[in-house]
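Examination of the molecular architecture
This is what each chain is made of:
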Amino acid sequence: MTNRRTRPAPRPPEGTPPRAELARQARAVLADAVRIAHWAAGTPGPGTATPLAAHALERAATALELSPAQVRAGWDRARLAGLVELHGDTARPGWRLRAWDRDDSAVLRGWVALFDAWSLVHAAPAGIEAGAVAEAVEAVPQVLSLLQLSAGPVTVPALLDLLGQRVAELQEERCEVPLGPGRTAPAAPAGPAETAADRATGPARSTDLNALLLDWALEGLAAVGALTLGQGHATLTPLGNWAVWVKLEQICVAAQSPAGNIEQSAADMLLGCARLTPGPARDEYRAWLAARTVGSAVAELLAVARGEDALLRGLAFEALRVVGAPAEPEVRAVLAEPSLRPYALLWLAEYEGNDPDDAQDVLSREEATWLWVDTAAAVADHGETGLLVRHLDSAVQGTVPALLDEVRAVGHPRTVQVLVALAAAHPDPALAKAVRRAAFQVHTGGA
């Protein structure tokens, strides 16, 4: 960590505009989104997430003199950039919207959030398997790196060749064999209803499909202001060039860290960050995320959160806080999983603008008790004895007898181990005895 602290601040590539100019360009890209966010924040009940309710869509289009399609697109961008937050059927201004006119850093962070979510902004071609789309999204960082290193226009055939190489590498890593000249799929006769996916069968399947997906990716990146498209070539905008440079720099910084977290799995990366203070830990999360696509990173973090290690569960959601808006659908989807629900509720409460100190209010008594046991399990497995004793003070029950009654009822799989560890650690013999009795009752199924 010493090396990271003393490393001089990197300078962006020569020719990169000042931050104030980059922020001006980002404001221009998100101008419609900002107008719609201001309208939504000042209008009672503007509708739900995506798309806007029909009546609200019409009101917004009329008030802002935009087409319904522009309103819908701007609304999606406003949410992805953190300009608005939804609380039930009410839209409230996000902190970035409140700081939009005075804080260039907030503007750039909002644009980068949109840049990271380009595949959500621009719908993938119809009729293409989700796996093929995911491979293209995972290969796009290499395409962006080539554009950034070239410092000018790059021909589409060169980008297609790189995309194809990267997709082949991904398939090889997954032990998949792509179709080729010697391994052709049965080809159906072409007809008037033939789709793009149908045409992409046979010997040229990989090239045709990659070309279709490259066009989609370039159009999506152009839609968020990251690049411009010419006749047969693409060029990064100053904003896109700066964003790719920032992400490459994050990867380089992480690669220099003693733990080498950039190369680690999510579980090993989180363990490597476990003893860092919040600021350096977030830096490590950002660097690890920068080396992966958002979708694969979120999926890996949630897979770790579903494991048995309670410490990694909590840290996984800390890393997901760094992901921000692109992780929201996946976090909402795990609300039905009892082991993840308390963490997801807290994540969503903070994402929607609640003060972290007040976020606990979104948990039911049972959920708060479950989370208390899960946190105690993390402390018991990885922390010090004194931390487990002090953890008693964070319980919502207020008294140890009430806590023990509710802990026994909540059904956490680690309840017995937590109570045994707490009894062994607590200096008060009478309290330790009561905790041991509770552990025995849970173990034997007694009341």
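Values in this document were obtained by computation on a predicted structure and should not be read as measured data.

**A short note on the pairing of strand β5 (residues 233-236)**
Direction of pairing for strand β3 (residues 154-155) relative to β5: antiparallel, over a ladder of two bridges. By the bridge assignment, T155 is partnered in β5 with H233. Note that strand β4 (residues 227-230) and β5 share four bridges and pair antiparallel. Residue pairing across strands places G230 opposite H233, the latter belonging to β5. Between the end of β4 and the start of β5, which pair antiparallel, lie two residues, with G232 showing a positive phi angle near 80°.

**A few points about the packing of helix α16 (residues 294-305) against helix α17 (residues 310-323)**
Running from amino to carboxyl end, α16 crosses α17 at an angle of 160°, the nearest separation of the two axes being 8 Å. Classified by the angle their axes make, α16 and α17 are roughly antiparallel. As α16 runs across α17, the sense of the crossing is left-handed. Two secondary-structure elements touch here, α16 through V294, V298, L301, L302, V304 and A305 and α17 through L312, R313, A316, F317, A319, L320 and V323. Per-class residue counts for the contact of α16 with α17 are 12 nonpolar, no polar and one charged.

**Looking at the confidence of the model for the protein chain**
Residues of the protein chain with pLDDT of at least 70 account for 82%, and the chain-wide mean is 79. Confidence scores differ between elements of the protein chain, with helix α1 (residues 2-6) showing the lowest mean pLDDT of 38 and β5 the highest of 94. Per-residue pLDDT stays below 50 along residues 1-7; that stretch engages in 11 contacts with residues further than four places along the chain or on separate chains. Long-range and interchain partners of residues 45-51, a stretch whose pLDDT sits below 50, account for 24 contacts in this model, where long-range means more than four residues apart.

**Structural notes on the nonpolar core**
In terms of nonpolar packing, the biggest core is built from 64 residues, with L83, W111, F115 and L147 touching the most fellow members. Look past the residues within four positions of L147 in its chain and what remains in contact with it is G152, V154, L159, L227, A234, T235 and L236. If you look at the next biggest cluster of nonpolar residues, it comprises 61 residues, including L301, A316, W370 and A378.

**Remarks on the sheet that holds β4**
Paired through backbone hydrogen bonds, the strands of a sheet run either parallel or antiparallel to each other. A sheet is described by the order of its strands in space; here three strands give the open sequence β3-β5-β4, paired in antiparallel fashion. Only two strands of the sheet have a single neighbouring strand rather than two, namely β3 and β4. Across the face of the sheet, helix α9 (residues 130-150) comes into contact with β3, β4 and β5 while running at roughly 75° to β5.

**Thoughts on helix α15 (residues 278-290)**
Every α-helix carries 3.6 residues per turn, so stepping three or four residues along brings you back to the same face. Spanning 13 residues, α15 covers 18 Å between terminal C-alpha atoms, matching the ideal 18 Å at 1.5 Å per step. Listing the buried residues of α15 in full gives P280, A281, E284, Y285, A287, W288, L289 and A290.

Parameters at a glance
- Residues numbered from 1 in each chain as written.
- Predicted model: local features only at pLDDT ≥ 70, side-chain atom pairs only at ≥ 80, totals over all residues.
- Heavy atoms only, no water.
- Pairing = 2+ DSSP bridges.
- Helix = DSSP H or I, 4+ residues; strand = E, 2+ residues; numbered from the N terminus.
- Axes fitted to C-alpha atoms, helices over the stretch in contact; angles between N-to-C directions.
- Parallel < 35°, antiparallel > 145°, perpendicular 65-115°, else oblique.
- Left-handed = near helix turned anticlockwise from the far one by under 90°.
- Contact = heavy atoms within 4.5 Å.
- Nonpolar A, V, L, I, M, F, W, Y, C, P; charged D, E, K, R; others polar.
- pLDDT = per-residue confidence, 0-100.
- Core = buried A, V, L, I, M, F, W, Y, C linked by side-chain atoms within 4.5 Å.
- Buried < 20%, exposed > 50% of the residue type's maximum accessible area, 1.4 Å probe, protein only.
- Expected span 1.5 Å × (residues − 1).

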